[in-house]
Amino acid sequence: AYPPSVMYCSYFSSINTGWAGGSYGYLYKTIDGGYNWTRQATGTDQRFWGSIWFYNDSIGWGVGGAGKIMHTTTGGQSLVNITSNENKVPESFHLYQNYPNPFNSQTTIEFDITEAENYRLEIFDVIGRKQEEILNEQLNKGKYKIQYFADKLSSGIYFYRLSSFNKSYTKTFLLIK
């Protein structure tokens, strides 16, 4: 168990909805203007250093230690660590096999993109139903690495797809809980 957290930053996307981020990956959310706060199950122990920002009540980013950028599309319930190394320009659009695979609760997904445009990374079950969208944003060309926390999925085989306007790659992973 972690000791009590120190809060380093806060952000309100509206008069009632806000977040406070601190050490050990602690992220708290309020929906009543700060009277009550609920700790979010972020799935990370990465500290929030001085800045979080939310587009709306679901989509947000946080800056963590060691150059980490964390992203959520669930209001903070799960975070994805995004890192980019734009010094290395890839030669082709490519989605790599996740690792480890199979995995228990967390895996790494890497991909290369050669054009700046909107990209989506989605998870589907074996019959094609979308289970989660872990990325949907404008990205610059570069090499990317995402830490994916599969806390919402049960054991099984899943497909993950990286797509842009006119390109798409799909891979398979095995989740064992």
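The present account deals with the structure reproduced in this document. This is a predicted model, so every value here is computed, not measured.

**A few points about the sheet that holds strand S15 (residues 168-175)**
Reading across from one edge, S12-S11-S14-S15 is the order of the four strands in this open sheet, with antiparallel pairing throughout. The two strands at the open ends of the sheet, each matched to only one other strand, are strand S12 (130-139) and S15. Across the sheet, the axes of successive neighbouring strands diverge by a mean angle of 15°, strand direction being ignored. Bridging between strand S11 (residues 117-124) and S12 involves eight bridges; their strand directions are antiparallel. Note that in S12 the partner of tyrosine 119 across the bridge is glutamate 137.

**Overview of the packing of aromatic side chains**
Across all of its chains, the model carries eleven aromatic pairs by this definition. Considering the side-chain rings of phenylalanine 93 and tyrosine 119, the 6.0 Å spacing of their centres and the 25° angle between planes classify their relative orientation as stacked. With phenylalanine 93 in the loop between strand S8 (80-85) and strand S9 (94-95) and tyrosine 119 in strand S11, this residue pair connects regions lying 26 residues apart in the sequence. Looking at phenylalanine 93, the relative accessible area reads 7%, which means it is buried. Grouped by ring-pair contacts, the aromatic residues Phe103, Tyr148, Tyr158, Tyr160 and Phe173 constitute a single cluster. Of note, arginine 39 hangs over the ring of tyrosine 26, and the distance from its end group to the ring centre comes to 3.7 Å.

**A few points about the nonpolar core**
Across soluble globular proteins, nonpolar side chains show a tendency to be buried alongside one another. By size, the foremost hydrophobic cluster in this structure holds 22 residues, and its most contacted members are Phe111, Leu121, Ile123, Tyr148, Leu153 and Phe173. Ignoring any residue separated from it by four or fewer positions in sequence, one finds phenylalanine 173 in contact with Asn98, Asn101, Phe103, Ile123, Tyr148, Leu153, Gly156, Ile157, Tyr158 and Tyr160.

How each quantity is defined
Residues numbered from 1 in each chain as written. Predicted model: local features only at pLDDT ≥ 70, side-chain atom pairs only at ≥ 80, totals over all residues. Heavy atoms only, no water. Pairing = 2+ DSSP bridges. Helix = DSSP H or I, 4+ residues; strand = E, 2+ residues; numbered from the N terminus. Axes fitted to C-alpha atoms, helices over the stretch in contact; angles between N-to-C directions. Phe/Tyr/Trp six-rings, centres within 6.5 Å; stacked < 30°, edge-to-face > 60°. Buried < 20%, exposed > 50% of the residue type's maximum accessible area, 1.4 Å probe, protein only. Lys NZ or Arg CZ within 6 Å of the ring centre and 35° of its normal. Core = buried A, V, L, I, M, F, W, Y, C linked by side-chain atoms within 4.5 Å. Contact = heavy atoms within 4.5 Å.

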